[in-house]
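Notes for the structure review
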Amino acid sequence: MVYIQGEEMTHYATQLLLNQWIEPYFDISSWETFDLSCKARDDSDDATLIDAVEAGKRIGAIFKEPTITP
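Bear in mind that the values here come from a model prediction, so they are computed numbers and not experimental data.

Each value, and the rule that gives it
Residues numbered from 1 in each chain as written. Predicted model: local features only at pLDDT ≥ 70, side-chain atom pairs only at ≥ 80, totals over all residues. Heavy atoms only, no water. Helix = DSSP H or I, 4+ residues; strand = E, 2+ residues; numbered from the N terminus. Rg over C-alpha atoms; globule rule 2.2 N^0.38 Å. Buried < 20%, exposed > 50% of the residue type's maximum accessible area, 1.4 Å probe, protein only. Contact = heavy atoms within 4.5 Å. Areas by Shrake-Rupley, 256 points an atom, 1.4 Å probe, with all protein chains shown as cover. Lys, Arg positive; Asp, Glu negative; His and termini not counted. Charge placed at Lys NZ, Arg CZ, Asp CG, Glu CD. Phe/Tyr/Trp six-rings, centres within 6.5 Å; stacked < 30°, edge-to-face > 60°.

The helix and strand inventory of the protein stands at 3 helices and 3 strands. The linear arrangement of helices and strands in the protein, starting from the amino end, is β-α-β-α-α-β. Computed over the C-alpha atoms, the radius of gyration of the protein is 12 Å, within 12% of the 11 Å expected from 2.2 N^0.38 for a compact globule of 70 residues. When each of the 70 residues of the protein is scored for burial, the buried share is 29%. Contacts in the protein between residues at least 24 apart in sequence constitute 72% of all its contacts with a sequence separation of at least 6. On the protein, roughly 4,800 Å² of surface is accessible, and the fraction owed to carbon and sulfur atoms is 58%. If you average the places of the 5 positive and of the 13 negative side-chain charges in the protein, the two averages end up 4 Å apart.

As structure tokens, then:
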């Protein structure tokens, strides 16, 4: 699974969801995580976005935090 996270308030809510309802029942240690916050995309010249899309194509499953992507 590809896990895409951001920087908004939904990040906090998604962490609660993961901690309480997903991690106790599923092993997520093999999930590939990508930070698509504005800072991470700016710092990497959007390479992190490209890497996340490529991982999604390769794995075929993406869990994305609900965000408003600027």
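Having seen the structure, we can now continue with the description.
Scanning all chains against the criterion turns up 3 aromatic pairs. Ring centres of Tyr3 and Trp31 lie 6.0 Å apart, and the angle between their planes is 50°; this geometry places the pair in the tilted category. Of this pair, Tyr3 sits in strand E1 (residues 2-5) while Trp31 sits in the loop between helix H1 (9-22) and strand E2 (32-35), and the two are 28 residues apart along the sequence. Exposure class is identical for Tyr3 and Trp31. Each is buried. On the basis of an interplanar angle of 40° and a centroid distance of 5.8 Å, the ring pair of Trp31 and Phe63 is categorised as tilted. With Trp31 in the loop between H1 and E2 and Phe63 in strand E3 (residues 62-64), this pair connects stretches of sequence that are 32 residues apart. Among the aromatic residues, those joined into a cluster by ring pairs are Tyr3, Trp31 and Phe63.

Geometric descriptors of this kind do not, in isolation, establish any biological role.
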